[in-house]
Amino acid sequence: MLLYLTLLLPLLGGAVLPLFRFDSVKKRGIYVEAVVLATSVLTWILLLTRTEARFTLLHLYHVEGALDLSFRVDGMACVFAGLVSLLWPIASLYAFEYMKHEERPNTFFCFYTMSYAVTLAVALSANLFTLYIFYECLTLITLPLVVHKQDAKSILAGRKYLTFSISGAALAFIALVCVLHFGASTDFTLGGVLDPAKTSGCEALLKWVFLLGFVGFGVKAAVFPLHAWLPMASVAPTPVTALLHAVAVVNTGAYAVLRLIYYSFGADFLFGSLPQMIAIGLACATVLFGSAMSVKEPHFKRRLAYSTISNLSYMLMGAALMTPAGMVGSLSHLIIHGVIKITLFYCAGAILVRSGAEYVPDLRGYGKVMPLTCAAFTLGSIALVGIPPLSGFVSKWNLLTAAAGTGLAMGIVAIGTLILSAILTAMYLFTVVSAMYFRPLNADQAAISGQNRDPNWMMMVPFGILCAAIIGLGLWSQPLVTFLRNVAAGVTF
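Residues numbered from 1 in each chain as written. Predicted model: local features only at pLDDT ≥ 70, side-chain atom pairs only at ≥ 80, totals over all residues. Heavy atoms only, no water.

Focus: the overall build of the protein
Let me state the cut-off plainly: A run of DSSP states H or I qualifies as a helix once it reaches four residues; a run of E qualifies as a strand once it reaches two. Both are numbered from the N-terminal end. Based on C-alpha atoms, the radius of gyration is set beside the globule rule, defined as 2.2 Å times the residue count to the power 0.38. Summary of the burial criterion: residues with accessible area below 20% of their type's maximum are buried, those above 50% are exposed, and those between are partly exposed, where the area comes from a 1.4 Å probe applied to protein chains only. Residue contacts follow a heavy-atom distance rule, with two residues in contact if any of their heavy atoms lie within 4.5 Å. Using a 1.4 Å probe, accessible areas were evaluated by the Shrake-Rupley method; residue-level cover was limited to the displayed protein chains. The convention is simple: Lys and Arg are positive, Asp and Glu are negative, and His and the chain ends are not counted. Charge positions come from single atoms, namely NZ of Lys, CZ of Arg, CG of Asp or CD of Glu.
If you tally the helices and strands in the protein, you get 21 helices and two strands. Computed over C-alpha atoms, the radius of gyration of the protein comes to 22 Å, within 12% of the 23 Å expected from 2.2 N^0.38 for 493 residues, which places it in the range of a compact globule. The dimensions of the protein, computed from C-alpha atoms along their principal axes, are 75 × 55 × 45 Å. Here the protein, with 493 residues, has 61% of them falling under the buried criterion. Put simply, 81% of the contacts in the protein that link residues at least 6 apart link residues at least 24 apart. Total accessible area on the protein is roughly 17500 Å²; 69% of this is exposed by carbon and sulfur atoms. When the 29 positive and 20 negative side-chain charges of the protein are each reduced to one mean point, those points stand 8 Å apart.

Written as structure tokens, this is what we have:
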């Protein structure tokens with residue numbers, strides 16, 4: 001019942017929100033934050049009190065044959081659900097201040113809160129079928145958030161988001177059918193579920209089917225060339241782009257790929273095959289493409305969106321290495337990138353709300369006008385480049401050592417890709433930082449010289465928490481890395 005209550009609370013709490021006629025922004029904010037915080041508390045009770053006996057498998061509904069909607073709290077679920085439950089209350093607090101300037105806040109927070117439930121359902125899925133169902137539901141529940149402004153750009157972005165996501169899900173469906181046919185079940189089992197007796201003679205076909213699933217689930221992780229929906233989604237309100245680019249949707253794509261490789265097909269079954277080499281190659285190409293596009297992109301939020309495309313493929317690259325170390329690298333970057341990137345997007349949103357600046361050249365001199373916001377952006381930038389001792393170094397080091405340990409030629413390619421991407425990351429982020437601190441305000445913004453334009457506490461508190469997390473995960477990374485190694489080894493309880 002604890003698990004079902006955890007999923008139902010944000011789903012129903014968000015669904016009934018439009019029925020209320022809040023007479024103040026404060027009352028709506030208290031209601032939403034109460035629902036979200038309660039859900040996060042329940043999630044952590046669920047994660048911290050898990051035992052082998054209690055959470056072996058919880059069936060929600062039997063569909064047909066081996067198809068069950070089921071949930072389980074294993075190590076992988078703890079990683080993704082833990083990240084989501086920590087970031088969502090912070091994201092909601094930030095959204096209250098931002099949405100004062102937007103229309104239809106009740107509708108926005110309705111879908112924003114319901115998305116929390118669906119994301120948790122993906123994280124806690126016990127089998128590939130359940131994950132696939134809620135993966136599709138996440139597309140539908142976040143679509144109204146993408147088109148929230150209801151202008152031409154938003155509608156176009158929503159149409160592209162829907163087209164790409166459903167097309168990717170169609171490819172992933174082929175992988176689901178094959179796992180169902182050739183596997184003992186669709187339940188997630190570390191090492192894979194394929195039955196050797198059934199797969200005999202079909203090994204090559206199944207490896208190519210895996211590649212379809214990799215690309216299909218990878219659409220939400222914006223793998224090249226199916227990435228175009230992500231930069232366009234930056235037209236949505238900043239709380240939505242942060243949700244899409246750092247917490248829920250994009251990480252769901254990477255999480256699904258990890259489940260597909262390590263818990264459905266099996267890394268040993270796929271290791272050394274041509275489809276694995278192609279998967280690593282696609283991830284490396286996407287890393288470099290996203291970084292290069294970020295360098296040339298003048299729009300501030302779109303620059304961060306291309307950065308997200310690049311960093312998501314760090315996770316896909318780690319997953320495609322198909323070793324326990326690769327899994328650790330991928331999971332560590334999923335967590336650390338989520339914390340860093342949501343910080344950077346929130347800085348962009350704060351600047352947009354307080355000044356209207358949307359392009360990098362407009363940020364000249366803002367280090368004096370918005371000192372705390374720019375300091376948070378600078379800290380996040382240093383971390384994302386991978387400079388020690390901040391947290392970005394930890395995940396990138398894990399990925400580098402994993403690539404070096406594969407013994408594959410593509411592992412060397414991955415190492416070169418990570419190093420070159422770090423240089424490009426420094427270019428597209430530090431050019432923004434240098435403009436903030438070492439160039440004067442533009443002439444048309446001289447009137448705000450000497451003012452402090454930092455946002456109020458509802459935006460600044462999330463900045464403080466996230467910056468502390470960026471520093472803390474770098475200085476005290478060992479507990480996290482140890483836990484992730486246990487997950488990769490199958491030691492979850």
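Moving on from the coordinates now.
Comments concerning the layout of surface pockets
In this approach, a probe sized like a water molecule rolls over the atoms, and the result shows the empty space that is left. Rules: Lining residues are those with an atom within 4 Å of a point, where the points come from a 1 Å grid over the protein atoms alone and group into cavities, where a 1.4 Å probe fits but cannot get out, or pockets, open sets with protein on both sides within 12 Å along at least five of seven lines. Grid points are joined across faces, edges and corners, and a volume is the space filled by probe spheres set on the points. Think of it as three bins: nonpolar holds Ala, Val, Leu, Ile, Met, Phe, Trp, Tyr, Cys and Pro, charged holds Asp, Glu, Lys and Arg, and polar takes everything else, Gly as well.
There is about 520 Å³ of room inside the largest pocket. For the lining of the largest pocket, the element with the highest residue contribution is helix α3 (residues 75-98), accounting for seven residues. Along the lines of polarity and charge, the residues of the lining of the largest pocket split into 19 nonpolar, one polar and one charged.

Focus on a nonpolar patch on the surface
Filter applied, for reference: Nonpolar side chains (Val, Leu, Ile, Met, Phe, Trp, Tyr) within 5 Å and like charges within 9 Å form the patches, drawn only from residues with over 30% relative accessible area and no salt bridge. Any Lys or Arg side-chain nitrogen located within 4 Å of an Asp or Glu carboxyl oxygen qualifies as a salt bridge.
On the surface, a cluster of nonpolar side chains totalling about 360 Å² of accessible area is made up of Ile419, Leu420, Ile423 and Met427. Position of methionine 427 relative to the elements: it lies in helix α19 (residues 409-438).

Digging into the packing of aromatic side chains
Just so we agree on the cut-off: Each Phe, Tyr or Trp ring (for Trp, its six-membered ring) is paired with any other whose centre lies within 6.5 Å, and the angle between the two planes then decides the class: stacked below 30 degrees, edge-to-face above 60, tilted in between.
Using the criterion set out here, one finds 16 aromatic pairs in the structure. Aromatic pair tyrosine 132 and phenylalanine 173: ring centres 5.7 Å apart, planes at 50°, arrangement tilted. Of this pair, tyrosine 132 sits in helix α5 (residues 128-146) while phenylalanine 173 sits in helix α6 (residues 152-182), and the two are 41 residues apart along the sequence. Between phenylalanine 224 and phenylalanine 289, the ring centres sit 4.9 Å apart and the planes meet at 50°, which makes this aromatic pair tilted. One end of the pair, phenylalanine 224, is in the loop between α8 (203-218) and α9 (229-232); the other, phenylalanine 289, is in helix α13 (residues 274-296), and 65 residues separate them in sequence.

Brief notes about the packing of helix α11 (residues 249-265) against helix α15 (residues 324-355)
Two quantities define a packed helix pair, namely the angle between the axes and the distance from one axis to the other. Put simply, the rule reads: Inter-axis angles, ranging from 0 to 180 degrees, are taken between N-to-C directions of lines fitted to C-alpha atoms, where helices are fitted over the stretch in contact. Each angle receives one of four descriptions, namely roughly parallel if under 35 degrees, roughly antiparallel if over 145, roughly perpendicular if within 65 to 115, and oblique otherwise. Here a crossing is called left-handed whenever its near helix is offset anticlockwise from the far helix by less than a right angle, and right-handed whenever the offset is clockwise.
At a closest axis distance of 11 Å, the pairing of α11 and α15 adopts a crossing angle of 165°. With respect to α15, the element α11 is oriented roughly antiparallel. As α11 runs across α15, the sense of the crossing is left-handed. Contacts from Asn251, Ala254, Tyr255, Leu258, Tyr262 and Tyr263 in α11 reach Gly326, Met327, Ser330, Leu331 and Leu334 in α15.

Points about the pattern of salt bridges
One pass over the structure, following the stated rule, counts two salt bridges. When the shortest N-O distance is used, the salt bridge between aspartate 74 and arginine 259 registers 2.9 Å. One end of the pair, aspartate 74, is in the loop between β2 (67-71) and α3; the other, arginine 259, is in helix α11, and 185 residues separate them in sequence.

Observations regarding the packing of helix α4 (residues 105-123) against α5
Two elements in contact, α4 and α5, have axes separated by 9 Å at closest approach and are oriented at 165°. Classified by the interaxial angle, the pair formed by α4 and α5 is roughly antiparallel. The two elements α4 and α5 cross, and the hand of that crossing is left-handed. Along the contact surface, α4 presents Phe108, Phe111, Tyr112, Met114, Ser115, Val118, Thr119, Ala121 and Val122, while α5 presents Leu131, Phe134, Tyr135, Cys137, Leu138, Ile141, Thr142, Pro144 and Leu145. Tallied by class, residues from the contact of α4 with α5 come to 15 nonpolar, three polar and no charged.

Describing the nonpolar core
Inclusion rule: In these notes, a set of buried Ala, Val, Leu, Ile, Met, Phe, Trp, Tyr and Cys residues joined through side-chain atoms within 4.5 Å is what counts as a nonpolar core.
Formed by 167 residues in total, the largest nonpolar core has its most connected members in Phe217, Trp229, Phe265, Phe300 and Phe377. If we skip the residues at most four places from it in the chain, phenylalanine 300 touches Ala348, Ile351, Glu358, Tyr359, Val360, Leu363, Phe377, Val432 and Met436.

A short note on α11
Note the following rule: Here the expected span of a helix is defined as 1.5 Å times the quantity of residues minus one. What we call the bend at a residue is the angle made by axes fitted to the seven residues finishing there and the seven residues starting there.
Here α11 spans 23 Å end to end across 17 residues, near enough to the 24 Å set by a 1.5 Å rise per residue. Helix geometry: α11 is bent most strongly at arginine 259, by close to 25°. Buried residues dominate α11, accounting for 17 of its 17 residues.

Here's the deal with empty space enclosed by the protein
Within the structure shown, the criterion is met by one cavity of 30 Å³ or more. Along the walls of the largest cavity sit His299, Phe300, Lys301, Ala348, Leu352, Ala357 and Glu358, which together make up its complete lining. Of all elements in the fold, only α14 (300-320) and α15 reach the threshold of two or more residues within the lining of the largest cavity. The residue makeup of the lining of the largest cavity, split by class, is four nonpolar, one polar and two charged.

A look at unusual backbone geometry
At the junction of phenylalanine 224 and proline 225, the peptide bond is cis and its omega measures out at 5° in the coordinates. Despite not being glycine, methionine 322 shows a phi value in the positive range, around 60°. The residue methionine 322 is located in the loop between α14 and α15 in this model.

Let's talk about the environment of histidine 148
Here histidine 148 lies in the loop between α5 and α6. What makes histidine 148 buried here is its relative accessible area of 3%. Taking C-alpha positions, histidine 148 is 30 Å from arginine 364, a pair spaced 216 residues apart along the chain.

A few points about the state of the cysteines
The test is simple: Cysteine sulfur atoms are paired as a disulfide whenever they fall within 2.5 Å.
Scanning the model with the defined rule gives zero disulfides in all. Here cysteine 178 stays free of any disulfide, with the sulfur of cysteine 202 as its closest cysteine sulfur at 9.2 Å. Exposure remark for cysteine 178: the relative accessible area of 15% places this residue in the buried category.

Some words on the environment of alanine 91
Looking at the secondary structure, you find alanine 91 in helix α3. The class for alanine 91 is buried, based on a relative accessible area of 4%. The contacts of alanine 91, once residues within four sequence positions are left out, are Tyr112, Ile342 and Tyr346.

Quick notes on the side chain of threonine 142
This is how it is decided: Think of a polar contact as two N or O atoms within 3.5 Å of one another; within protein, one of them needs to be a possible hydrogen donor and the other a possible acceptor, and neighboring residues in sequence only count if both atoms come from side chains.
You can see threonine 142 is positioned in helix α5. From its side chain, threonine 142 meets the backbone oxygen of leucine 138 in a polar contact 2.6 Å long. At a separation of 3.3 Å, a polar atom in the side chain of threonine 142 contacts the main-chain carbonyl oxygen of threonine 139.

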